Amino acid sequence: MSTTTETATAARGGALDRYFEITARGSTVGREIRGGLATFLAMSYIVVLNPLIIGASTDSTGHFLGGGTEPNLPAVAAATSLVSGLMTILMGVVGKFPMAVSSSLGLSAFITYGIVVLPGMTWADAMGLVVIEGFILLLLVLTGFRQAIFDAVPAQLKTAISVGIGLFIALIGMINAGFIQNGGGTALELGAGGFLFGWPLVIFLVALFALFAMWAAKIRGAILYSIVGATALAITLESFLHIGAVGQDGENPYGWELTAPTLDQEWFTLPDFSLLGGFNLLGSWESIGIIAASLAVFTLLLANFFDLLGTMVGVSNAGGIKDADGGVPCSRRIMVSDALGTMGGGLGATSVNSGFIESTVGVGDGARTGLANVVTGALFLATIVLSPLAAVIPTEAASATLVLVGFLMMQQITRIDWTDPEIAMPAFMTVVLMPFSYSITNGIGAGFITYVVIKILRGKAKQVHPLMYVTAALFILYFISGPIQDAVGAG
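Cut-offs and rules
- Residues numbered from 1 in each chain as written.
- Predicted model: local features only at pLDDT ≥ 70, side-chain atom pairs only at ≥ 80, totals over all residues.
- Heavy atoms only, no water.
- Helix = DSSP H or I, 4+ residues; strand = E, 2+ residues; numbered from the N terminus.
- Contact = heavy atoms within 4.5 Å.
- 1 Å grid on protein atoms, 1.4 Å probe; cavity = no way out; pocket = protein on both sides within 12 Å on 5 of 7 lines; lining within 4 Å.
- Points joined across faces, edges and corners; volume = space filled by probe spheres on them.
- Nonpolar A, V, L, I, M, F, W, Y, C, P; charged D, E, K, R; others polar.
- Phe/Tyr/Trp six-rings, centres within 6.5 Å; stacked < 30°, edge-to-face > 60°.
- Buried < 20%, exposed > 50% of the residue type's maximum accessible area, 1.4 Å probe, protein only.

Account for the environment of V93, naming residues and giving values.
Mapped onto the elements of the fold, V93 is located in helix α5 (residues 73-95). With 59 residues separating them along the chain, V93 and R34 place their C-alpha atoms 18 Å apart. Beyond its immediate sequence surroundings of up to four residues, V93 is in contact with Y19, F20 and V374.

The following block contains the structure:
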């Protein structure tokens, strides 16, 4: 389509088309709505899972999130829905990018098991650290430092990041569905005990192969059809067979991995927003000391910093969303929105909020603009009063889409020059460390450090951008920050 034709079409499409650049990015309003819905369905589990991570554990004082002596999971779910909805819409309207924002499960786990357990720390103190980290991120964006680091990364390493994320999210999909599980004699194994058995796995495999077939046939909406169809089939099976969910102590090993998909629920509930504002900005400095608090902020900062880089590149590459220079369009706006999302997560006591890699599901179904985010955000807001909706979708139904997206992102591996070991080996470390260590940040760090070390040892230090040295050094500190923090805490 010529530029003149695109301009004329956008003019006819009205202000919505012009603002979100829908026609310019080769999309339509219908595709954006469908893509936004697909993203929501792929990541709606966060409304159920985030409360189980940050809402079901006590801090060092024996109190749950919110300060009570009993967990208040409905309040965590309501806050998660509210903050996710608002921050996702913010990313769509300001960043104009189809990347949904919600609580980072990895950082939620780090806060739960690595920060609030420090002697003297409370949940409010930890959420104060999140606000501080988000503010620092915002400063880095406004000063141009975050963008400068992004531009300093070699193009093929960015591709490796995207490929590694593809493998990582495919593994996440398989683990969420129970297709891959923790092994007995091995780290991972196929199914429970090395065998594939149980109706939930049947749902996953039916959804996966149906999705593969529809995608090969180039059926638009294949991802959404797969999720909706598999969910309907799962609800039907559960209503007749009463399969139930996998128990916390391993009972019912062939049940649903997270929640049983049923319609026998109380559909409308009044929201509990008691967690909002539950943070203590400087409490951590008093409870654990300046050094330990600074290390905690640094760890959150570095992980969040590069998780966004990886997610942003992954979403951009998955949808071919590029500006005239081949970069991510509106990247500064995206980074500002992400930093504000992080601050919003701390203010709302829902942990660090950042871009979600599941957004590639919506991109795979046609989303190309921030309008898709507005749809996803609106659906998150709807779950405030309709929270059981998220629990109806079994992970087995949604996980098949992650496997497909992993395949699509893997196709970019041909852009890496595997005959050049100076870039191929850092790319390899990036790709394999993400799924092997279950962390996007670890993969990026391993790739950066390998790249810098090889260049130095090969006598080509001047070819490395100065900021690559800075980030490599920061990653080294990041990888040893745990023992340092333990030593400080022990002291």
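Talk me through the layout of surface pockets; I want residue IDs and the actual numbers.
Of the volumes computed, that of the second largest pocket is approximately 280 Å³. Along the wall of the second largest pocket there are 17 residues; nearest its centre are F150, K158, K322, G326 and G327. Those elements that provide at least two residues to the lining of the second largest pocket are α8 (145-152), α9 (155-176) and α13 (290-319). The element contributing the most residues to the lining of the second largest pocket is α9, with 4 residues. For the lining of the second largest pocket, the per-class residue count stands at 4 nonpolar, 8 polar and 5 charged.

How would you sum up the packing of aromatic side chains? Please name residues and give values.
For any pair of aromatic rings, geometry is given as the distance between the ring centres together with the angle between the planes. Using the criterion set out here, one finds 9 aromatic pairs in the structure. Between the aromatic rings of F197 and Y254, the centroid separation amounts to 4.9 Å while the plane-to-plane angle is 75 degrees, which identifies the pairing as edge-to-face. A residue pair is termed long-range when its members are at least 10 positions apart, and F197 in the loop between β3 (188-190) and α10 (199-216) and Y254 in the loop between α11 (222-241) and α12 (283-287) qualify at 57 residues. Residue F197 is classed as exposed on the basis of its relative accessible area of 55%. Pairwise contacts between aromatic rings join F448, F475, Y478 and F479 into one cluster.

Describe empty space enclosed by the protein, with residues and values.
Here the structure, examined in full by the defined rule, presents 2 cavities of 30 Å³ or more. Approximately 70 Å³ is the volume found for the largest cavity. Lining the largest cavity, in full, are A177, Q181, A192, F197, P200, L201, P253, Y254, G255 and E257. Grouping the amino acids of the lining of the largest cavity by side-chain chemistry returns 7 nonpolar, 2 polar and 1 charged.

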